[in-house]
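Secondary and tertiary structure notes
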Amino acid sequence: MKNHFGLLLITAFLIIIACFFLVFSFDNRRTKQKRLLLLTGAIILFIIIGILTKLILNNPLL
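As a starting point, this report considers the structure included with it. (Residues numbered from 1 in each chain as written. Predicted model: local features only at pLDDT ≥ 70, side-chain atom pairs only at ≥ 80, totals over all residues. Heavy atoms only, no water.)

Quick word on the overall build of the chain
Helix and strand counts for the chain stand at 2 helices and 0 strands. Relative to a compact globule of 62 residues, whose C-alpha radius of gyration would be 11 Å, the chain shows 14 Å and is clearly more extended. If one aligns the C-alpha atoms of the chain with their principal axes, the spans along those axes are about 45 × 15 × 10 Å. The buried share of the chain, reckoned over its 62 residues, is 23%. (Helix = DSSP H or I, 4+ residues; strand = E, 2+ residues; numbered from the N terminus. Rg over C-alpha atoms; globule rule 2.2 N^0.38 Å. Buried < 20%, exposed > 50% of the residue type's maximum accessible area, 1.4 Å probe, protein only.)

In structure tokens:
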């Protein structure tokens, strides 16, 4: 159960970071290259979040 709590905590932290990356990728004050880098980072983080969520749902907390 301790491992599941750690996965939930990591997933929640990654969701927060990915959302910030996604929001700041639409900021017009940044250069196009920085916006693309932030968007790419957000997409990669959302893929990792999906994998962690699938792992957590396959082994539910008991």
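Structural notes on the nonpolar core
Judged by nonpolar contacts, Leu7, Leu14, Ala18, Leu45, Ile49, Leu52 and Ile56 together constitute the single largest core of 7 residues. Of all elements in the fold, only α1 (2-24) and α2 (32-58) reach the threshold of two or more residues within this core. By residue number, the principal contributor to this core is α2, which donates 4 residues. (Core = buried A, V, L, I, M, F, W, Y, C linked by side-chain atoms within 4.5 Å.)

Some remarks on a nonpolar patch on the surface
On the surface, Ile16, Phe20, Phe21, Val23 and Phe24 cluster together into a nonpolar patch covering about 470 Å² of accessible area. For Phe20, the location among the structural elements is in helix α1. (Patch = residues over 30% accessible without salt bridge, like charges linked within 9 Å, V, L, I, M, F, W, Y side chains within 5 Å. Areas by Shrake-Rupley, 256 points an atom, 1.4 Å probe, with all protein chains shown as cover. Salt bridge = Lys/Arg side-chain N within 4 Å of Asp/Glu carboxyl O.)

Section: the side chain of Asp27
In this fold, Asp27 is placed in the loop between α1 and α2. Residue class for Asp27 comes out buried when judged on its relative accessible area of 16%. Within the structure, Asp27 has its side chain in polar contact with the backbone nitrogen of Arg29 (distance 3.3 Å). (Polar contact = N/O pair within 3.5 Å; in protein donor to acceptor, adjacent residues only side chain to side chain.)

Things to note about the pattern of salt bridges
Under the criterion given, the structure shown has 2 salt bridges. Arg29 is paired through a salt bridge with Asp27; the nearest N and O atoms lie 3.4 Å apart. Taking the relative accessible area as the measure of exposure, Arg29 reaches 78% and is therefore exposed. Two residues, Asp27 and Arg30, come together in a salt bridge whose shortest N-O distance is 3.9 Å. Put simply, Asp27, Arg29 and Arg30 are held in one network by salt bridges that share partners.

Here we look at the side chain of Ser25
If you trace the backbone, Ser25 turns up in the loop between α1 and α2. Leaving out residues up to four positions away in the same chain, Ser25 has contacts with Arg35, Leu38 and Leu39. (Contact = heavy atoms within 4.5 Å.)

The values are spatial; any link to function lies outside them.
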